[in-house]
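Here's the letter readout for the chains.
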Amino acid sequence: MAAVYKTIAKVTGSKEDKDKEDRSNIIAERKNKQRVLVLSSRGVTYRHRHLLNDLASMLPHGRKDAKFDTKSRLYELCELAELYNCNNVLFFEARKGKDLYMWFSKVPNGPTVKFYAQNLHTMEELHFQGNCLKGSRPILSFDAAFEQEPYLKVIKELFLHTFGVPQGHKKSKPFIDHVLSFSVADGKIWVRNYEIREVEKVKGEADKREEGETEKPKAAKPGSKDTDINLIEIGPRFVLTPIIIQEGSFGGPILYENKRFISPNKIRAELRKAKAARHHARMEQQRDLLARKRQLGLDESTPKKKDDLDTRELFA
């Protein structure tokens, strides 16, 4: 009995040693050791909060924290990130309960990029059919325009460190089933999230289409040759407009500034001025009309002179 126990212990011990070796190899392969601190400021709306939750669920290497009280002393985020052992910060700054600014920073030496986020759509409100495994590693797809401008190269590197899940992370899954797409158009960065879906090819599909018959696609085995790979959008989606790039982490000299960016506060002020100008023009027209009526004696508000032939005077 003792001999049997010794042989079983040797077999189990060898399996445990192999598992330890595999784990050590996985840890050794983790060269991109990144951790992201995700938090927001006070005054965020429900849509901003849902977008933050969606992004935090997509980042297994992220650390979600409570709301940050101040908006003026953003350099304190560096100390907070070091406290939580994070080398990247994704900060949501809300202004006036309407506007959302997103800060991407590399702690502790920078750089820092400030974006204006618009056209926000969360996963719940889009109701897409696609779905992906929570904690899976994404494929980051960048537009060719990211290699043309120097400031876009800096933004691409920050996106790689923030959204790129390190291989072998303890909270990540060993699957790649979705794609994060970053495209540049009209001076803005369009962010989309797609699921990678493999569908088995249907034989005689062209003949059935001609006859009007349809057949539901079947789920294919991964790695098989007779499969069609489709991309299905699952959200969230948003558009980022770069504003400034700072050399340090939430501070330092400005390396890049977008001259074409117009603040949403300025746009709203211009709209109010245009509306006020239209109102003043209408009031000027009314005043001119009343002045002309007074000159012609057609204004009912001015007292009229008594006429002897008036019916009120004749038949009083």
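Rules used throughout
- Residues numbered from 1 in each chain as written.
- Predicted model: local features only at pLDDT ≥ 70, side-chain atom pairs only at ≥ 80, totals over all residues.
- Heavy atoms only, no water.
- Helix = DSSP H or I, 4+ residues; strand = E, 2+ residues; numbered from the N terminus.
- Polar contact = N/O pair within 3.5 Å; in protein donor to acceptor, adjacent residues only side chain to side chain.
- Salt bridge = Lys/Arg side-chain N within 4 Å of Asp/Glu carboxyl O.
- Buried < 20%, exposed > 50% of the residue type's maximum accessible area, 1.4 Å probe, protein only.
- Pairing = 2+ DSSP bridges.
- Right-handed = clockwise from strand over helix to strand, strands pointing away.
- Phe/Tyr/Trp six-rings, centres within 6.5 Å; stacked < 30°, edge-to-face > 60°.
- Lys NZ or Arg CZ within 6 Å of the ring centre and 35° of its normal.

**Q** Before we move on, can you summarise the side chain of N193 with the specific residues and values?
**A** Mapped onto the elements, N193 comes out in strand β8 (residues 188–200). In terms of polar contacts, N193 uses its side chain to reach the backbone carbonyl oxygen of G235, at 3.0 Å.

**Q** For the pattern of salt bridges, give the residues involved together with the corresponding values.
**A** Counted by the stated rule, this structure contains 14 salt bridges. Between E233 and R237 there is a salt bridge, with its nearest N and O atoms 2.9 Å apart. Residue classification places E233 among the buried residues on the basis of a relative accessible area of 14%. With a relative accessible area of 22%, R237 lands in the partly exposed category. Several salt bridges converge on common partners, so that one network encompasses D186, K188 and R260.

**Q** Now, about the pairing of strand β1 (residues 36–40): what can you tell me, with residues and values included?
**A** A regular strand carries its side chains on alternate faces of the sheet. Counting buried residues in β1 gives five out of five residues, a clear majority hidden from the surface. Burial of the side chains of β1 extends over both faces: V36, V38 and S40 are buried on one face and L37 and L39 on the other. As defined by bridge partners, β1 adjoins strand β2 (residues 62–64) across three bridges and the pair is classed as parallel. By the bridge assignment for β2, V38 is matched with K64. As a crossover connection, the stretch from β1 through helix α2 (residues 46–58) into β2 is right-handed. When β1 meets strand β3 (residues 88–95), the two strands line up parallel, connected through five bridges.

**Q** Go over the packing of aromatic side chains, please, and point to the residues and values.
**A** The final tally for this structure, using the stated rule, is 14 aromatic pairs. Ring centres of F142 and F146 lie 5.3 Å apart, and the angle between their planes is 80 degrees; this geometry places the pair in the edge-to-face category. Of the two residues examined, F142 and F146, each falls in the buried class. Each residue in the set F104, F115, F142, F146, F159, F163 and F182 is aromatic and connected to the rest through ring pairs, giving one cluster. For R63, the ring lying beneath its charged end belongs to Y84, and the centroid distance is 3.9 Å. K114 extends its terminal NZ or CZ atom over the ring of Y101, reaching a point 4.8 Å from the ring centre.

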